[in-house]
Amino acid sequence: MKKRVYLDHHATTPVDPRVVEAMLPYFTEKFGNPASRQHVWGWEAEQAVERARAQVARLIGAKSEEIVFTSGATESCNLAIKGVAEAYAGRGDHIITVATEHRAVLDTCRRLEKRGLRVTYLGVDSEGLLDPDEVRRAITPRTILISVMWAHNEIGVIQFIEEIARIARESGVLFHTDATQAVGKIAVDVGAAGVDLLSVSAHKMYGPKGVGALYVRSGEPRVELVAQMEGGGHERGLRSGTLNVAGIVGLGEACAIAEREMAAEGERLRRLRERLWEQLRNELELVRVNGSLERRLPGNLNVSFAGVEAAALMREMGEIAVSSGSACSSAEAGPSHVLKALGLGDAWARGSIRIGLGRFNTEEEIDYAAGRMIETVRRLRERSPVYELLRETLGARGNFL
Ligand SMILES: *Cc1c(COP(=O)(O)O)cnc(C)c1O
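Residues numbered from 1 in each chain as written. Predicted model: local features only at pLDDT ≥ 70, side-chain atom pairs only at ≥ 80, totals over all residues. Heavy atoms only, no water.

This next bit is on helix 8 (residues 245-283). Over its 39 residues, helix 8 runs only 49 Å from end to end, short of the ideal 57 Å by more than 12%, given 1.5 Å per residue. The sharpest bend along helix 8 comes to roughly 65°, located at Glu 261. (Helix = DSSP H or I, 4+ residues; strand = E, 2+ residues; numbered from the N terminus. Expected span 1.5 Å × (residues − 1). Bend = angle between axes of the 7 residues up to and from the residue.)

Here it is in structure tokens:
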């Protein structure tokens, strides 16, 4: 009997049953449009949206009026980056970001380059971390925005967000962070961190797909944004379009649950991850973790098995859901841009998989998945015509090339 185990929670998460429960009435009896100001259906829907807005705000230490609902983190990143680029066109034309960002940020920046803006893509060290001093050095009088992901969707590393935000503030440059993988997993406080714009997605935190939020700091100096969607002027003119009420209620509930359970859940996931890594490390030679193990999301493990092709590994253990690279850039041929940025050698990069543990994974599932990985890696290596040779070259340099 082959058991299915889902370990791809950075791609998406199941919707928590409590979230589904909260959403259900907003498809049926409470179906109103929150923009309908004249009747009780509208009021009811608006109340639900405002409650959700407060729940999202509370989780990240923001005020309700600083939350703009969107269709997800891709849209939030687009709105933040393009919105700032347009609003500050008179002041500057330079953006700083990181080579390892999600494509929601990278491709948005590339689009802006086509419009004539200049973008600096900073590198990371072998641990996947960005040196805040590099950010400081990259700032010019023309810089209007810095965008750095809070926690990484492939390698799980957590950047020095407070330091980078401080540098941005001292230089009078706005700071956006794609916090899609951080919110609901680790403590995120927009005030303490000093960020101006922050992107969130519901489906990475046990909420539904197709809904997210952008935090836009209020107060002085004002963050100016040009809307990227024209229409009825919803969300204070920043994002037109009838609100996805049920989805927004789901995002709100997901945030409320995360606020209560995040700390304990993080501890549990960290233990499960350690249990998994221990088994892989003890049973296999030539395995390594990619990215810092210290500054890392509790549920993430990105491992490389030298001499194994990730695609073959995933095919052979198809009922264990892991991924190579990110689901969002599955069109990428070969090792991901992220592993390349870490300077990972080809033999390691080709055999790397991303494992994302989540809320409903059990110890039993982890042990089972570890067993399947170990047995499959061994089998593939036995079949490989080059493994022995690779072992001689890499082995001399130990497990952690
Ligand atoms: C999933 C993800 C996105 C895209 O979010 P959607 O809500 O699916 O558009 C952006 N950034 C990161 C880091 C992600 O993990």
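Our focus in this paragraph is the sheet that holds strand 5 (residues 143-147). Consider a sheet: its strands pair through backbone hydrogen bonds, and that pairing is either parallel or antiparallel. Reading across from one edge, 2-8-7-6-5-3-4 is the order of the 7 strands in this open sheet, with mixed pairing throughout. Either end of the sheet is taken by a strand with one partner, and the two such strands are strand 2 (67-70) and strand 4 (118-122). Sheet twist, expressed as the mean angle between neighbouring strand axes with direction ignored, is 20°. Of the pairings in the sheet, the one linking strand 3 (residues 94-98) to strand 4 comprises 5 bridges and is parallel in character. Within strand 4, the residue paired with Ile 95 across the bridge is Val 119. Where helix 6 (residues 161-170) meets the sheet, its contacts fall on strand 5 and strand 6 (174-178), and the angle it forms with strand 6 comes to roughly 155°. (Pairing = 2+ DSSP bridges. Axes fitted to C-alpha atoms, helices over the stretch in contact; angles between N-to-C directions. Contact = heavy atoms within 4.5 Å.)

Turning our attention to a negative patch on the surface. On the surface, Asp 125, Glu 127, Asp 131, Glu 134 and Glu 294 cluster together into a negatively charged patch. With respect to the helices and strands, the residue Glu 294 is situated in the loop between strand 9 (287-289) and strand 10 (300-305). Under the relative-accessibility criterion, Glu 294 is labelled exposed at 67%. (Patch = residues over 30% accessible without salt bridge, like charges linked within 9 Å, V, L, I, M, F, W, Y side chains within 5 Å. Areas by Shrake-Rupley, 256 points an atom, 1.4 Å probe, with all protein chains shown as cover. Salt bridge = Lys/Arg side-chain N within 4 Å of Asp/Glu carboxyl O. Lys, Arg positive; Asp, Glu negative; His and termini not counted. Charge placed at Lys NZ, Arg CZ, Asp CG, Glu CD. Buried < 20%, exposed > 50% of the residue type's maximum accessible area, 1.4 Å probe, protein only.)

Bringing unusual backbone geometry into the picture now. A negative phi angle characterises most non-glycine residues, just as the trans form characterises most peptide bonds. With omega at -10°, the peptide bond leading from Glu 220 into Pro 221 counts as cis. The phi torsion at Glu 235 lies on the positive side, around 50°, for a residue other than glycine. The residue Glu 235 is located in the loop between strand 8 (212-216) and helix 8 in this model. Relative accessible area serves as the criterion here: at 10%, Glu 235 is assigned to the buried category.

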